[in-house]
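Residue-level structural notes
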Amino acid sequence: METRNNFNESVPQEQIDVDKNIDTTVSPEIPTSDDETLSDIEVKETALTEEILLDSDAERIPNEEENDYSQRTSEELLKDFAALVNNNPVNSIRKNVDAVKTAFYKEYKKKIELLKAEFIENGGIEEEFEVPADEEEERFKILLSEYRKKRDEFIADSEKEKEENYKEKLRIIDQLKELVNSNETLNHTFATFRDLQNRWKEIGPIPQVHVKDLWETYHLHVENFYNYIKINNELRDLDLKKNAESKTQLCEDAEALLLEGSPITAFHKLQKLHEQWREIGPVSKELKEPHWDRFKEASSKINKRHQEHFENLKEEQLRNLEMKTELCLKAEEIANSEYSGKKEIDKASDSIIEIQKIWKTIGFAPKKENTVIYERFRIACDTFFEKKRVFYSSLKDEMEKNLNEKMEICLIAESLQESTDWKNTTDQLIALQKRWKDTGMVSRKYSDSVWKRFRKACDTFFDRKAAHYSEIDLVYGENLLKKRQLLEEIKKFEITDRDHGFETLKDYQRRWAEIGFVPLKEKDALQGEYREVIDAHFAKLKGEDKDRKIERFRDKISSFKNKNSVRSERDRLYNKMKQLEADISLLENNIGFFAKSKNAESLIRDVNDKISKAKEEMAVIAEKIKLIDNQEG
């Protein structure tokens, strides 16, 4: 059985291949009226049902090994990019170009952040910072433009080549037509036919608009030729048997895709199986329908799962749109409010920033609304920060006055730092601290140094006072002994009943809190040991929920052929878990944004669902990482 490599020819190829060693000097056996003719054997499935979608226009792309550019400098990335563009086929470097681009702009962002921090440290205002021109970025943009130009030229050449391929296949069909009228010997005619078949298979893709009609025409004349030469039944049966074995294997491969974790990956792999199915010739009449029904059934299930995936995605995007609309309302309310003091506008700024962080965790809205809702949100944020910029520009004189007052407070605190009048001095320093808090903000250029000066004076006095009252530690020592005794009791506790265990653990927590303070040097270690023991007991109550997913993941990593693949999977899982941690923290801290919304109950439920799903996913990811680490160890 022969197969084709034409990726774009998406109609079924059902031809009977003849063993190249056939002795064509002997007249082929002519079927009797009771025999099966070639047309009886030919498989009738010429197209897939509408639910089986095929990516027949996809370009064949050479295998590309994606490199890791995450540790490269900007200059090294420029050299790598130039080497990729100048030394490789343009259709084989897309993944690496994307990786280089991501790594470069990650480094570029770090550079800008450093410049911004330096600008602020030198007394600049954050909102007035402007990104300077960057020579390396300009060089990178030039390389990117060159790459895109080569890519566009490649695509244009590819379309031109498809038109030439189409014309060449038309010429082959014309030659096939003439074979049935040839006066040459059967040996010579069959050799010519074989040559035409091979030439057909070697020709590359053609324009998609001609694929179906061209294939049906070719298939018709191939069938006419086989009817003309009357291939003997023995050779035909051998070919049918090989075709049946190949189609059985494709059925098994399609059924195996039902276990694939990603519906999108399963869908794309199915397309390749359908391409192979079309390239296989016919099978015997009694196997034709069973084979096709089996293959079609698996295909339908995979496509249904693929469709349901995108339907669920659409529903999630609608929920995301509703939540983003609520965030727009919150942002607009903040942007349109008036602020009279720094604390108010800073609090509002923190709220806007938190809303922006929540926005990033929600995900995309439906495509046609996504740009509109984002533009609405961006305008609200820009309006607020422009208002904040104007507000801060008016604070310069006030900050100078505040700096002078805080310098005066520092002088007073320094005059009291060596006092032994513990009570009165404590009251005076506390009053100074209150005065400090009531004093307005100063320039960032001086805020850190003046604060350290004031704090040093206060710490000097209170450290001396602490040393004076060190005898109080005797009481703390007794508390330490009580907590150690309670800790031993907790360690020996065994959970036999979930409800009783939970109440007992809560009682332990209450008793621990009631005991009181312990010596400062023992505090952190003791608290850490207590937290470790109590958390371990609570962990036992949570049960087991991840076995099925972990078992499937175990099979997945067992199929990896090298350690690099396993390590790459671990890095991906680790990064995902860190992102989930950040998302959960944001959503839990800011769920109150939706509390006063029109559909508050529904929105809060959706946010809680997101949090629950993220926590469940984190638990599974942690087990997967542990499984990889144990395997590598």
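Residues numbered from 1 in each chain as written. Predicted model: local features only at pLDDT ≥ 70, side-chain atom pairs only at ≥ 80, totals over all residues. Heavy atoms only, no water.

**Description of helix α13 (residues 422–438)**
The terminal C-alpha atoms of α13, which comprises 17 residues, lie 24 Å apart, in line with the 24 Å expected from a rise of 1.5 Å per residue. Check the buried side of α13 and you find it contacts α12 (396–416) and α14 (444–468). (Helix = DSSP H or I, 4+ residues; strand = E, 2+ residues; numbered from the N terminus. Expected span 1.5 Å × (residues − 1). Contact = heavy atoms within 4.5 Å.)

**Concerning the pattern of salt bridges**
Within the structure shown, the criterion is met by 43 salt bridges. Across the pair Lys 491 and Glu 488 runs a salt bridge, and its minimum N-O distance is 3.7 Å. Separated by 3 residues within a single helix, Lys 491 and Glu 488 lie in helix α15 (residues 473–492), roughly one turn from each other. By relative accessible area, Glu 488 is classed as partly exposed at 39%. Residues joined in a network through salt bridges with shared partners are Lys 111, Asp 134 and Glu 136. (Salt bridge = Lys/Arg side-chain N within 4 Å of Asp/Glu carboxyl O. Buried < 20%, exposed > 50% of the residue type's maximum accessible area, 1.4 Å probe, protein only.)

**Notes on the environment of Ala 99**
Mapped onto the secondary structure, Ala 99 falls in helix α3 (residues 94–121). On the accessibility criterion, Ala 99 (16% relative accessible area) is buried. The contact partners of Ala 99, leaving out residues within four places of it in the chain, are Glu 66, Asn 67 and Tyr 69.

**Some words on the packing of helix α9 (residues 285–335) against helix α11 (residues 367–393)**
Their axes nearest at 9 Å, the elements α9 and α11 cross at an angle of 20°. As the angle between them shows, α9 and α11 are arranged roughly parallel. The element α9 and its partner α11 pack so that their crossing is left-handed. The segment α9 lies against α11, with Leu 321, Lys 324, Thr 325, Leu 327, Cys 328, Leu 329, Ala 331, Glu 332, Ile 334 and Ala 335 engaging Glu 369, Asn 370, Ile 373, Arg 376, Phe 377, Ala 380, Thr 383, Phe 384 and Lys 387. Partitioning the contact of α9 with α11 into residue classes produces 11 nonpolar, 3 polar and 5 charged. (Axes fitted to C-alpha atoms, helices over the stretch in contact; angles between N-to-C directions. Parallel < 35°, antiparallel > 145°, perpendicular 65-115°, else oblique. Left-handed = near helix turned anticlockwise from the far one by under 90°. Nonpolar A, V, L, I, M, F, W, Y, C, P; charged D, E, K, R; others polar.)

**Topic: the packing of aromatic side chains**
Going through the model one piece at a time under the given rule, you end up with 23 aromatic pairs. Measuring from ring centre to ring centre gives 6.2 Å for Trp 292 and Phe 295, while their planes differ by 45°; the resulting arrangement is tilted. Of this pair, Trp 292 and Phe 295 both sit in helix α9, 3 residues apart, which is roughly one turn of that helix. The two residues Trp 292 and Phe 295 agree in class, both being buried. Each ring, one from Trp 359 and one from Phe 377, has its centre 4.0 Å from the other, and the planes form 10°; the classification is stacked. (Phe/Tyr/Trp six-rings, centres within 6.5 Å; stacked < 30°, edge-to-face > 60°.)

**Digging into helix α19 (residues 563–589)**
Its 27 residues place the ends of α19 39 Å apart at the C-alpha level, agreeing with the 39 Å of an ideal helix rising 1.5 Å per residue. Within the sequence span of α19, burial applies to Val 566, Glu 569, Arg 570, Leu 573, Met 577, Leu 580, Asp 583, Ile 584, Leu 586 and Leu 587.

**Let's talk about the confidence of the model for the chain**
Per-residue confidence for the chain averages 78 on the pLDDT scale, and 84% of its residues sit at or above 70. At the level of individual helices and strands, the chain shows its lowest average pLDDT in helix α1 (residues 38–41), which scores 31, and its highest in α13, which scores 90. With pLDDT under 50 throughout, residues 1–60 is counted as low confidence; its partners more than four residues away or in other chains account for 177 contacts. (pLDDT = per-residue confidence, 0-100.)

**Side note on the environment of Val 620**
By secondary structure assignment, the location of Val 620 is in helix α20 (residues 600–632). With relative accessibility at 7%, the residue Val 620 sits in the buried group. For Val 620 and Leu 573, which are 47 residues apart along the polypeptide, the C-alpha to C-alpha distance reads 9.9 Å.

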